[in-house]
Amino acid sequence: MEIKEPGKAYEKVIEYIKAEILHGDLKQGQKLPPERELAEQLGVSRNSVREALRTLDVIGIITSTQGAGNCVSCNFEKSLVEAMSMMFLMQKTDYVQLSELRRGLEEQAIMLAADRITAEQIHQLEELVKKLSLNENETANVILDKKLHYTIAQASGNELIISILQALSDVMDLFISDLRKKILYKDRDGNRLQGIHERMVECLKTRDKQGAYEAMSSHFRIIDENIGTLIENS
């Protein structure tokens, strides 16, 4: 019984904080009560409160900052990256499956974006494509490429798609070192990608949903070709 009690106590704290969020008493960005106050209110030890807060931090529900306390963050991308990274390391998924999921989400995102994109977002995409065509700095172009895809995801207006795509992008970059750079700077694929990026932006500008979808599909055919080569050489 003594071994189980601490677990029960820390679960009590987690359930309390989740209930407070569910009922609207705790909102994103709001600071949690101090550890001592939570411990007294729930009748548990401060160690149990700390254990609960560590768990919620890992999950991404709260963010703990030294000297500033704990606040509700809903940073679920953090936990998604951790979960997908562990799945990859434990061979529960692979490069191909990660790319297949990302492809499906990005194709859906660009079709939604064709309906929902704002004039400001179109302007941002035009500027990114222009910079990609002129910039010869490899590292800078990788960042521009990521920004372009993230802007399209944001234009979809779907928060789930945005969060999952960001997590997938981080995991792909973590395990496929410099893949974007290699593709962008292979003469043939780099030129093809630039043309596809320009096509994406043009289709979004004209609200051409089918054209935008086809451009994104072409983009991922290049990605998949390079992932296939990576697997063959590994």
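Residues numbered from 1 in each chain as written. Predicted model: local features only at pLDDT ≥ 70, side-chain atom pairs only at ≥ 80, totals over all residues. Heavy atoms only, no water.

> It is not clear to me how the overall build of the protein chain should be interpreted in this structure. Could you clarify?
Scanning the protein chain for helices and strands turns up eleven helices and two strands. For the protein chain, the N- to C-terminal ordering of α and β elements is α-α-α-β-β-α-α-α-α-α-α-α-α. Compactness check: the protein chain gives a C-alpha radius of gyration of 22 Å against a globular reference of 17 Å for 234 residues, more than 25% above the reference. Based on the C-alpha atoms only, the size of the protein chain along its principal axes is roughly 65 × 45 × 30 Å. Counting all 234 residues of the protein chain, 40% fall into the buried class. Here the contacts in the protein chain between residues at least 6 apart in sequence split such that 68% fall between residues at least 24 apart. Carbon and sulfur atoms make up 52% of the accessible area of the protein chain, which totals about 13200 Å². (Helix = DSSP H or I, 4+ residues; strand = E, 2+ residues; numbered from the N terminus. Rg over C-alpha atoms; globule rule 2.2 N^0.38 Å. Buried < 20%, exposed > 50% of the residue type's maximum accessible area, 1.4 Å probe, protein only. Contact = heavy atoms within 4.5 Å. Areas by Shrake-Rupley, 256 points an atom, 1.4 Å probe, with all protein chains shown as cover.)

> Just to check I follow, could you spell out the confidence of the model for the protein chain for this structure?
The predicted coordinates of low-pLDDT regions are not to be read in fine detail. Looking at the protein chain, the pLDDT average stands at 87 and 91% of residues meet or exceed 70. Mean pLDDT per element in the protein chain: helix α9 (residues 179–184) is the minimum at 70, and helix α6 (residues 119–134) is the maximum at 96. Contacts of residues 1–6 to residues separated by more than four positions or lying in other chains number two contacts, the stretch itself having pLDDT below 50. (pLDDT = per-residue confidence, 0-100.)

> Whenever I open this one, the side chain of R102 confuses me. Can you help?
Within the fold, R102 resides in helix α5 (residues 95–116). The residues contacting R102, other than those within four sequence positions of it, are L165, L168, R180 and F220.

> Just to check I follow, could you spell out the environment of L174 for this structure?
As for its position among the elements, L174 is in helix α8 (residues 159–175). Exposure remark for L174: the relative accessible area of 56% places this residue in the exposed category. Along the backbone, L174 and A19 are 155 residues apart, and their C-alpha atoms lie at a distance of 35 Å.

> I keep staring at the packing of aromatic side chains and nothing clicks. Help me out?
For any two aromatic rings, the description comes down to two numbers: the centre-to-centre distance and the angle of the planes. Going through the model one piece at a time under the given rule, you end up with one aromatic pair. A centroid spacing of 5.2 Å and a plane angle of 55° characterise the contact between F88 and Y95, whose relative ring orientation is tilted. Y95 shares its class with F88; the two are buried. (Phe/Tyr/Trp six-rings, centres within 6.5 Å; stacked < 30°, edge-to-face > 60°.)

> For this particular structure, what's the right way to read the nonpolar core?
The nonpolar side chains of a soluble globular protein tend to be buried, and buried together. L98, I110, L125, L148, I152, M200 and L204 are the most contacted members of the largest nonpolar core, which totals 44 residues. Of all the secondary-structure elements, those providing two or more residues to this core are α4 (76–89), α5, α6, α7 (138–156), α8, α9, α10 (187–205) and α11 (209–233). Considering every element that reaches this core, the biggest residue donor is α5, with eight residues. Setting aside its immediate chain neighbours within four residues, L98 contacts M84, F88, T93, L168, V171 and M172. Judged by nonpolar contacts, the second largest core, of 18 residues, contains L26, L38, V44 and A52. (Core = buried A, V, L, I, M, F, W, Y, C linked by side-chain atoms within 4.5 Å.)

> Just to check I follow, could you spell out the side chain of E20 for this structure?
Mapped onto the fold, E20 is located in helix α1 (residues 4–22). Other than its neighbours up to four places away in sequence, E20 contacts D25 and L26.

> Any chance you could explain the packing of helix α2 (residues 35–42) against helix α3 (residues 46–59) here in plain terms?
Two measures define how a pair of helices packs: the angle their axes make with one another and the distance between the axes. Following both chains from N to C, one finds α2 and α3 inclined at 110°, their axes separated by 9 Å at the closest point. Here α3 runs roughly perpendicular to α2, going by the angle between their axes. In terms of crossing hand, the pair formed by α2 and α3 is right-handed. Residue-level inspection shows E35, R36, L38 and A39 of α2 in contact with α3, the latter providing R46, V49, R50 and L53. (Axes fitted to C-alpha atoms, helices over the stretch in contact; angles between N-to-C directions. Parallel < 35°, antiparallel > 145°, perpendicular 65-115°, else oblique. Left-handed = near helix turned anticlockwise from the far one by under 90°.)

> Help me understand the environment of S73 in this model?
Here S73 shows up in the loop between β2 (69–72) and α4. Assessed through its relative accessible area of 15%, S73 is described here as buried. It is 4.8 Å that separates the C-alpha atoms of S73 and I62, two residues lying eleven residues apart in sequence. Sequence-distant contacts of S73, that is, excluding residues within four places in its chain, are made with Q28, G60, I61, I62 and T63. At a separation of 3.5 Å, a polar atom in the side chain of S73 contacts the main-chain carbonyl oxygen of I62. (Polar contact = N/O pair within 3.5 Å; in protein donor to acceptor, adjacent residues only side chain to side chain.)

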